[in-house]
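In case you want the letters, here they are:
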Amino acid sequence: MRAMTDERRSAKRHTLWIPVQVKASEEVHMLAVSRNISWKGVLVIVGASVEVGERVQLTLQVPGEDDLEIGGEIVRSEVNEDDPDGLWRHLLAIRFDREVHSLESAFERLENKS
């Protein structure tokens, strides 16, 4: 849990609902929606669970920006208490393979619009 605490201190989290495609394997492709996002990672809601430590490929569809394809690692997986029996049953915290500082201005712009 220490790593997540350190991450939150160093990267501002933006509460934004952004479409995210998650590819966990050749057989597992999911549409997800971000709950919050930073230049270091994203928390998404999805319909299926993925194991902590699993590698994923993401496509972020940030409005006003080109789609961003980036690798990541699942650092937390839990039941979505807001929808435990619905379509969005799981929360996945994903740490990006690289920091994407260039998206910070897009996140600020989108957050200010809402």
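Residues numbered from 1 in each chain as written. Predicted model: local features only at pLDDT ≥ 70, side-chain atom pairs only at ≥ 80, totals over all residues. Heavy atoms only, no water.

**Examining the nonpolar core**
Then, in step 1: Formed by 27 residues in total, the largest nonpolar core has its most connected members in V44, V56, L58, L60 and I94.
Then, in step 2: Residue assignment for this core shows that the elements contributing at least two residues are β1 (19-23), β2 (29-37), β3 (41-46), β4 (55-60), β5 (68-79), β6 (90-96) and α2 (104-113).
Then, in step 3: Those residues within four positions of V56 in sequence are excluded, and the remaining contacts are V22, K23, A24, V50, I70, G71, G72, I74 and I94.
Then, in step 4: Listed in part, the five residues of the second largest apolar core include L43, I45, L91 and A93. (Core = buried A, V, L, I, M, F, W, Y, C linked by side-chain atoms within 4.5 Å. Buried < 20%, exposed > 50% of the residue type's maximum accessible area, 1.4 Å probe, protein only. Helix = DSSP H or I, 4+ residues; strand = E, 2+ residues; numbered from the N terminus. Contact = heavy atoms within 4.5 Å.)

**Some thoughts on the environment of R89**
Then, in step 1: Mapped onto the elements of the fold, R89 is located in the loop between β5 and β6.
Then, in step 2: With relative accessibility at 39%, the residue R89 sits in the partly exposed group.
Then, in step 3: Residues R89 and V79, 10 residues apart in the sequence, show an inter-C-alpha distance of 5.9 Å.

**As for α2**
Then, in step 1: Among all positions in α2, only E104, A106, F107 and L110 are buried. Buried residues of α2, viewed axially, fall in a sector of 160 degrees; they line one side. Along α2, exposed side chains directed more than 90 degrees from the buried face belong to S105, N112 and K113.
Then, in step 2: Buried residues belonging to α2 abut β2. (Arc of directions from axis to C-beta.)

**Some details on the confidence of the model for the protein chain**
Then, in step 1: Per-chain confidence: the protein chain averages 89 in pLDDT, with 91% of residues scoring 70 or above.
Then, in step 2: Scored below 50 in pLDDT, residues 1-8 shows nine contacts in the model against residues more than four places distant or in partner chains. (pLDDT = per-residue confidence, 0-100.)

**Observations concerning the pattern of salt bridges**
Opposite charge on two side chains permits pairing when their charged atoms draw close.
Then, in step 1: Evaluation of the coordinates by the stated rule reveals nine salt bridges.
Then, in step 2: With a closest N to O distance of 3.6 Å, D82 and R35 form a salt bridge. Taken as a pair, D82 in the loop between β5 and β6 and R35 in strand β2 lie far apart in primary sequence, 47 residues in all.
Then, in step 3: Residue D82 is classed as exposed on the basis of its relative accessible area of 61%.
Then, in step 4: Overlapping salt bridges bring together K12, E108 and E111 as one network. (Salt bridge = Lys/Arg side-chain N within 4 Å of Asp/Glu carboxyl O.)

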